[in-house]
Amino acid sequence: MRNEAIPSEVKTPVIEMLAFLASDQAKGTLRDVRRGIEREMVRITPNGALSQRPHPLSLGSALTHPYVTTDFSEVQLELVTPAVNERSNTFETLASLHHFVAAKLNEGELMWAASMPPALPDEHDIPIARYGTSNAGMLKARYREGLANRYGKRMQLISGIHYNFSLPDSFWKALHVHTESKLPLETFVSDRYFHLIRNVLRHGWIIPYLFGASPAVDKSYLQGKPRALEQWDETTDYFPWATSLRLSNLGYGSSEQSHFPMSFNNKEEYLTGLCNALTKRYTHLARDQQLNGAVLQLENELYGSVRPKIVNAEMRPLVAMCHYGVQYIELRSLDNNPLLPLGIDELQSQFLDLFLIYSALAPSPKMSEQESTLIMKRQELVATQGRKPGLMLPTMDGDISLVDLAAPLMNTLAEMAKGMSSPQQRDDYESAVMREKAKFEDSALTPSAQVLTRMKQENQSHTTFIHACSQQHMQGYLDKTISLDEMTKLESLAKASLFKQKQLEAVQEVSFGEYVAQKSLIDCDDPSQATSLQPIRCHSPQSQANQAQETIV
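Conventions we followed
- Residues numbered from 1 in each chain as written.
- Predicted model: local features only at pLDDT ≥ 70, side-chain atom pairs only at ≥ 80, totals over all residues.
- Heavy atoms only, no water.
- Salt bridge = Lys/Arg side-chain N within 4 Å of Asp/Glu carboxyl O.
- Helix = DSSP H or I, 4+ residues; strand = E, 2+ residues; numbered from the N terminus.
- Axes fitted to C-alpha atoms, helices over the stretch in contact; angles between N-to-C directions.
- Parallel < 35°, antiparallel > 145°, perpendicular 65-115°, else oblique.
- Left-handed = near helix turned anticlockwise from the far one by under 90°.
- Contact = heavy atoms within 4.5 Å.
- Polar contact = N/O pair within 3.5 Å; in protein donor to acceptor, adjacent residues only side chain to side chain.
- Core = buried A, V, L, I, M, F, W, Y, C linked by side-chain atoms within 4.5 Å.
- Buried < 20%, exposed > 50% of the residue type's maximum accessible area, 1.4 Å probe, protein only.
- Pairing = 2+ DSSP bridges.

**Examining the pattern of salt bridges**
- For the structure on display, the rule yields 20 salt bridges.
- Across the pair Asp-353 and Arg-87 runs a salt bridge whose closest N-O atoms are separated by 2.8 Å. Of this pair, Asp-353 sits in helix α10 (residues 346–361) while Arg-87 sits in helix α2 (residues 87–104); the two residues are 266 residues apart in sequence, bridging distant segments of the chain.
- We note a salt bridge from Lys-418 to Glu-415, for which the minimum N-O separation is 3.7 Å.

Have a look at this one:
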């Protein structure tokens, strides 16, 4: 039976939100929103197999290059754009990085266009990323060995897009005044980022529905896993109504971490939970099989669809956030869309910005364990059955159809888009919302449906279809023209990164064991006893100068 009631989690005072955005204090502040994109892709051979060749020296050092690095595997590229406030610059940079990599890859190699991996070899033939002989490089490699031993290499080869987003100080100052908050501004900003994160978690099921593009997978990925999927052909399994197997229980996640849920109700609860996971013993693997034996070896091992973030070269993330709060959020729930050359397009970015601004402004009550559990169930349903006609989703007010649950949220976003779009602005938020609203009226417009439709039309397996997409995109990357100055800059960055790696390797001030011990220090009072009721306390920032840690691991 269709439930016409609007659940409490999507009731929003639209007029108040629009009034704030139109106010003199807030108007114009959104021009300074900063965004950055990280795209992961694996390298494949000309015939579509996983490459076995090392990260090309022509791309620079994966350890020290700011924009071209590797993720888990030696063959898993990660292209990173700097955070800037001009959207067109972000996408121009991303396109230039694709061109640069395509031009410098080993002959015949391609970049795999999808999130779920290609046909995979035996586990021992999947190479873990290597970063040289410096302490910093060996730490990154040891961390990845721990990931392989904990979760298996196949899961780690799942790739995606991370969308880094921050609102400008001028926006937060205006909201601080508008809400008549008594909190210090720095505390208020962190509090509102957690406010934003809770809303992303509540409403984030729309991300796999609208942008999920992994409804199928090569059977080699499922080796040793229960096969609940249906068979497409001899090499491909799928769910007929799936949106994102990457975000499902078959995808990227950790059952062990689910026993240590993170609270996003405020900074103190979050950091206490994180500290607990970083210090509580988890595994009895040998020392040389992982970085350490905690539930999380490092902060970045924490999985999830969205994370609070801070960059600080002098402190590990937990300590930096404790002292200075949240700087930005990282949205991690985006699939690579194999139908798009860059895996994402500008209209999608416009919609994401609008959704994240909504999440910062809409009411966001604290989240109970019951709601957190319900959110996980909802995401699994959308990831595996999201396009199923009449699909009902659980809410705190009972089950409601996916379409009905989306309607008030999308209507609010449409109202916001009208107020934020203008002839003077290059962003067309209205067009972005209209494109996504249409997908709730016709699920055939979603990327997941389009992938399956193309596979059916062309009578191809998942691997054959994505291989063809990868070949087509590769030619597009090579055909793209970038300025001589831009190409020279990227080549210079590659050379400089190799030189920097050699410098690190030439100066080893302490042994690797001592280095790892330093990196494993947690600066909280009696962390092994930390609970959600005992907030962590930090020492002075100056005492942490010797615990500098790479921001990308």
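After that view, the rundown keeps rolling.
**What about the packing of α2 against helix α16 (residues 484–506)?**
- Remark: α2 packs on α16, axes separated minimally by 11 Å, with the N-to-C direction vectors making an angle of 65°. For the element pair α2 / α16, the angle class is roughly perpendicular. By crossing handedness, the relation of α2 to α16 is classed as right-handed. Between α2, through Ser-96, Leu-97, His-99, Phe-100, Ala-103 and Lys-104, and α16, the contact on the second element is made entirely by Glu-486, Met-487, Leu-490, Glu-491 and Ala-494.

**Considering the environment of Arg-316**
- When you line up the elements, Arg-316 lands in the loop between β9 (306–309) and α9 (317–324).
- Here the side chain of Arg-316 touches Glu-299 through a polar contact of 2.9 Å, side chain to side chain.

**Some words on the nonpolar core**
- By size, the foremost hydrophobic cluster in this structure holds 150 residues, and its most contacted members are Leu-167 and Phe-351.
- A per-element tally of this core places helix α12 (residues 402–420) first, with 10 residues.
- Each residue touching Leu-167, except ones within four places of it in the same chain, is listed here: Leu-30, Val-33, Trp-172, Tyr-193, Leu-196, Ile-357 and Ala-360.

**Focus on the sheet that holds strand β7 (residues 230–231)**
- Strand order in this open sheet of 3 strands is β6-β8-β7, and the pairing throughout is antiparallel. The outermost strands of the open sheet, each flanked by one partner alone, are β6 (216–218) and β7.
- Sheet topology places β7 next to strand β8 (residues 236–238); 2 bridges connect them, and they run antiparallel. Looking at β8, one finds that Glu-230 is bridged to Tyr-238.

In short, the description is geometric, and any link to function would need to be established separately.
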